[in-house]
Amino acid sequence: MLYGGDYNPEQWPREVWEEDLRLMAQAQINIVTLNVFNWAALQPDEETYDFSKLDAVMELVRTNGMKVCLATSTGAHPAWMAKRYPDILRTEKDGRKRKFGGRHNSCPNSLTYRKYAPKLAAELAKRYQDYENIAAWHVSNEYGGECYCENCEKAFRVWLKQKYKTIEEVNRSFYTAFWGHTFYDWDEIVLPDLLSEHFIDDTGRERTMFQGISLDYKRFFSDSLLECFRLEYDAIKRYTPDVPVTTNLMAVYKGLDYQKWARSMDFVSWDNYPAPDAHPSAVAFCHDLMRGLDGQKPFVLMEQTPSVTNWLPYSRLKRPGEMRLLSWQAVAHGADAVQFFQIRRSIGACEKYHGAVIDHAGHADTRVFRETAQLGRELEQVGGLFLDGRTPAKAALLFDWDNWWAVEYSAGPSVRIKYLDAVLDYYQAAYALHVPMDIISTQDALEPYQAVITPLLYMVKRGYEKKLQDYVRQGGNLVVSYFSGIVDEHDLVDTGGYPGRMRDLLGIWVEECDALPQGEQNAFSCFGRRHPADLLCDLTHLEGARALGAYEEDFYAGMPAVTVHTYGEGNAYYVGTRSDQEFYRMFLERVFSQAGIQPLHRAPSGVEVCVRENAGGTYLFLLNHTEETKTVLLEREYEELLEGRTYRRQEEIVLERKGVRLLRAVE
Ligand code: GLA
Ligand code: ZN
């Protein structure tokens with residue numbers, strides 16, 4: 001298994017490189033990501049490329065028997081380029097043109113960037129094409145941000161023309177009859193920014209007056225950056241067609257439609273920087289989301305900090321065992337490689353206090369280094385055993401970037417509606433039940449799953465309702481939440497009553513939605529208990545569905561809060577309000593058991609259970625996220641891979657605080 005991280009030798013003299021390589025070997029590190037932010041050194045001016053220093057580093061790494069993940073350095077452009085070609089600089093949403101500085105600073109629609117970034121990638125690929133220890137290419141770094149410059153505006157018009165063909169279709173999709181915003185010419189269309197359709201409201205939120213154009217800007221900008229990735233991808237493939245190409249993603253990053261991106265990437269990799277108080281299920285969700293991008297195939301953990309993340313408000317130390325636990329959690333969810341940012345701590349600029357394998361002390365005698373080396377030994381011990389292992393999920397959860405953008409641009413019904421909250425409500429409950437889920441996109445098939453959950457499915461793209469209907473009719477179990485089935489892909493409301501094109505499938509009509517301000521709650525009874533109804537209460541009529549619970553208070557007391565509709569061979573559930581984890585657990589437990597989905601294994605609260613399966617066997621991961629000792633009663637015979645001992649069926653396995661057990665099922 002590959003184990004390593006970002007290494008920036010360009011910041012250090014050669015003696016240090018040699019010492020670093022010695023230390024890396026001591027920690028069982030076998031791969032380094034090189035050349036992430038090195039453009040200015042590689043291209044000192046317009047005509048010259050200088051690879052001498054990188055050649056030396058590459059050679060040293062090779063002679064030390066290590067693999068390279070070679071980055072293209074295009075995540076930050078050189079200062080001379082910005083001075084000479086200011087079109088490469090981005091423009092803020094308030095119209096201010098940026099100067100040179102920072103990183104991820106290039107306008108993706110700048111012709112300068114589109115010329116010189118792929119050119120550098122090509123030069124690198126040409127130079128190192130015969131260098132056989134390149135394990136992967138790493139294009140740019142954490143693509144993201146926005147630009148509102150004139151070039152982007154022009155490119156946006158081209159993008160719209162390709163999508164809509166006629167200006168009439170643009171007007172229809174953007175609903176420009178409202179406020180008389182009708183366009184007669186493509187050139188009248190401007191970017192939706194703070195000088196046009198956007199504004200900052202009293203709570204500091206950026207809002208839009210026209211959701212249609214704002215949604216299309218999101219799609220357009222995600223596509224613009226993706227085109228830049230693809231230009232570099234193609235340039236690299238001309239020289240090294242067999243080396244896989246990736247870029248490091250950021251999991252729940254709202255700006256880019258990663259489901260679309262993954263189709264252009266050879267494999268998915270991502271950077272995991274959870275806040276110290278993040279619930280383990282939120283981290284698990286990110287891994288599963290990333291795994292889901294490319295047909296549930298394994299991914300690479302491209303970055304994580306070995307200790308502190310210095311850009312968070314507090315550089316809280318990862319407690320002893322925590323880095324190890326988070327690393328195995330990644331593997332348990334499908335990571336086939338574990339990497340850090342960074343190998344050696346820099347001495348200047350804004351990341352000098354960020355965690356590193358080798359810190360400012362400069363030697364191996366630190367807690368962080370010892371923990372890194374211990375993990376290295378463990379990874380070495382299991383070798384390639386888990387590689388290509390898949391998660392046997394029978395349930396799926398739908399995640400859709402378009403819907404995320406749309407539901408949070410929505411002007412009403414509640415500022416408290418957050419897509420990720422709604423998704424995590426269900427994900428966390430399934431996690432607590434030890435039922436793994438695949439995170440799927442609207443393009444993925446539903447048939448492989450016995451249950452499908454579609455939280456906050458506000459936007460139902462044309463035709464998707466048909467997919468859901470077919471799935472349930474053939475025996476599937478579908479869970480739909482409040483504020484669903486409202487609009488199409490242009491954020492235009494489906495008339496004829498909510499939940500629009502899903503009304504027939506769900507067997508209900510939602511007449512009104514009551515948004516509850518913070519602190520106000522209703523309640524409903526279901527499964528013999530009273531549960532809170534929070535955030536939004538859908539006032540629902542039954543049209544063939546059965547009520548599983550009804551509101552208890554206010555003028556709509558007695559109206560259904562939770563319903564189920566038998567449709568064909570399957571069941572379509574509707575949860576018309578937001579409740580708490582206790583409810584979601586009880587609810588999903590019933591949905592899953594009715595769908596014939598069993599938990600992976602029984603385990604006490606705080607212990608995460610994951611399974612990976614490959615041709616070599618079935619592996620059970622037990623991860624104790626708590627500070628207490630936990631015990632799991634094993635349901636079959638297992639071999640523990642690190643201890644090298646066998647546990648019998650019905651034997652207890654003890655996990656110390658933050659403990660990890662890697663078990664192979666004995667056939
Ligand atoms: C990101 C970047 C790295 C580094 C780390 C620090 O993930 O990709 O270059 O800045 O953050 O946490
Ligand atoms: Zn731009």
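Above this text you will find the structure in question.
Reference entry: report on the structure contained in this document. (Residues numbered from 1 in each chain as written. Chains lettered and ligands numbered in written order. Predicted model: local features only at pLDDT ≥ 70, side-chain atom pairs only at ≥ 80, totals over all residues. Heavy atoms only, no water.)

Turning our attention to the overall build of the protein chain. Looking only at helices and strands, the protein chain has 17 helices and 29 strands in total. Taking 2.2 N^0.38 as the reference for a compact globule, 667 residues should give roughly 26 Å; the C-alpha atoms of the protein chain span a radius of gyration of 26 Å, in line with that estimate. Projected onto the principal axes, the alpha-carbon positions of the protein chain cover approximately 75 × 75 × 40 Å. Residue burial in the protein chain is summarised as follows: out of 667 residues, 60% are buried. Of all intrachain contacts in the protein chain linking residues separated by at least 6 positions in sequence, the fraction that spans at least 24 positions is 71%. Accessible area for the protein chain stands at about 26,200 Å²; split by element, carbon and sulfur atoms hold 49% of it. The averaged location of the 96 negative side-chain charges in the protein chain is 3 Å from the averaged location of its 75 positive side-chain charges. (Helix = DSSP H or I, 4+ residues; strand = E, 2+ residues; numbered from the N terminus. Rg over C-alpha atoms; globule rule 2.2 N^0.38 Å. Buried < 20%, exposed > 50% of the residue type's maximum accessible area, 1.4 Å probe, protein only. Contact = heavy atoms within 4.5 Å. Areas by Shrake-Rupley, 256 points an atom, 1.4 Å probe, with all protein chains shown as cover. Lys, Arg positive; Asp, Glu negative; His and termini not counted. Charge placed at Lys NZ, Arg CZ, Asp CG, Glu CD.)

Let us look at the site of ligand 1. Every residue near ligand 1 is listed here: Phe37, Arg103, Asn141, Glu142, Asn248, Asp271, Tyr273, Glu303, Trp311, Phe341, Glu351 and His354. The separation between an oxygen atom of ligand 1 and a polar side-chain atom of Trp311 is 2.6 Å. When the residues that make up the shell around ligand 1 are grouped by side-chain class, the tally is four nonpolar, three polar and five charged. (Near = heavy atom within 4 Å. Polar contact = N/O pair within 3.5 Å; in protein donor to acceptor, adjacent residues only side chain to side chain. Nonpolar A, V, L, I, M, F, W, Y, C, P; charged D, E, K, R; others polar.)

Given a rise of 1.5 Å per residue, 29 residues ought to cover 42 Å, and the 43 Å separating the end C-alpha atoms of helix H8 (residues 211-239) matches this to within 8%. Of all 29 residues in H8, 23 are buried; the element is thus mostly enclosed. (Expected span 1.5 Å × (residues − 1).)

The subject of this paragraph is the coordination of the zinc ion (ligand 2). Within the first shell, the zinc ion (ligand 2) binds the protein through Cys107 (SG), Cys147 (SG), Cys149 (SG) and Cys152 (SG), at distances of 2.2 to 2.3 Å. When its relative accessible area of 7% is taken as the criterion, Cys149 is described as buried. (Donors = N, O, S within 2.8 Å, 3.2 Å for Na, K, Ca; no water.)

What follows concerns the pattern of salt bridges. Throughout the structure, instances matching the rule amount to 51 salt bridges. Note that Arg127 is salt-bridged to Asp55, the shortest N-O span being 2.6 Å. Here Arg127, found in helix H5 (residues 111-127), pairs with Asp55, found in helix H3 (residues 52-63); they are 72 residues apart in sequence, far enough to count as distant. Taking the relative accessible area as the measure of exposure, Arg127 reaches 46% and is therefore partly exposed. In this structure, Lys466 and Asp470 form a salt bridge, with 3.1 Å as the shortest nitrogen-oxygen distance. Within this pair, Lys466 and its partner Asp470 are both found in helix H15 (residues 464-473), separated by four residues, close to a single helical turn. Within this structure, Lys163, Asp216, Arg219, Asp400, Asp402 and Lys461 form a network of salt bridges that share partners. (Salt bridge = Lys/Arg side-chain N within 4 Å of Asp/Glu carboxyl O.)

This next bit is on the packing of aromatic side chains. Within this structure, the stated rule accounts for 44 aromatic pairs. Ring centres of Tyr164 and Phe174 lie 6.1 Å apart, and the angle between their planes is 80°; on these two criteria the pair is classed as edge-to-face. Here the residue Tyr164 occupies a position in helix H6 (residues 150-164), and Phe174 occupies one in helix H7 (residues 167-174), the gap between them amounting to 10 residues. Here the two residues Tyr164 and Phe174 agree in accessibility, since each one is buried. Members of the aromatic cluster, joined through ring pairs, are Tyr253, Tyr258, Phe285, Phe399, Trp401, Trp404, Tyr419, Tyr427 and Tyr431. Above the ring of Trp12, the side-chain terminus of Arg344 is found at 5.0 Å from the ring centroid. Over the face of the ring belonging to Phe527 we find Arg590, whose NZ or CZ atom lies 4.2 Å from the ring centre. (Phe/Tyr/Trp six-rings, centres within 6.5 Å; stacked < 30°, edge-to-face > 60°. Lys NZ or Arg CZ within 6 Å of the ring centre and 35° of its normal.)

Moving on: the pairing of strand S17 (residues 522-526). Counted residue by residue, S17 has four buried out of five residues, so it is predominantly covered. With five bridges joining them, S17 and strand S18 (residues 529-542) adopt antiparallel strand pairing. Among the inter-strand pairings, Phe524 is bridged to a residue of S18, identified as His531. From the end of S17 to the start of S18, which pair antiparallel, there are two residues, and Phe527 there has a positive phi angle of about 55°. Bridge analysis of S17 against strand S19 (residues 546-551) gives two bridges, and the strand direction is antiparallel. Note that in S19 the partner of Ser525 across the bridge is Ala550. (Pairing = 2+ DSSP bridges.)

For Lys318, the location among the structural elements is in the loop between strand S10 (299-304) and helix H11 (322-332). For Lys318, which is buried and forms no salt bridge, the nearest opposite charge comes from Glu322, at a distance of 6.9 Å. Every residue in contact with Lys318, bar those within four places of it in the chain, is listed here: Gln304, Thr305, Pro306, Ser307, Met323, Leu326 and Arg367.

Here H5 contains 17 residues, and its C-alpha end-to-end distance of 24 Å stays within 8% of the 24 Å for a straight helix at 1.5 Å per residue. Where H5 begins, the capping side chain belongs to Ser110, and its oxygen is found 3.2 Å from the backbone nitrogen of Thr112.

Keep in mind these numbers describe shape, not what the thing actually does.
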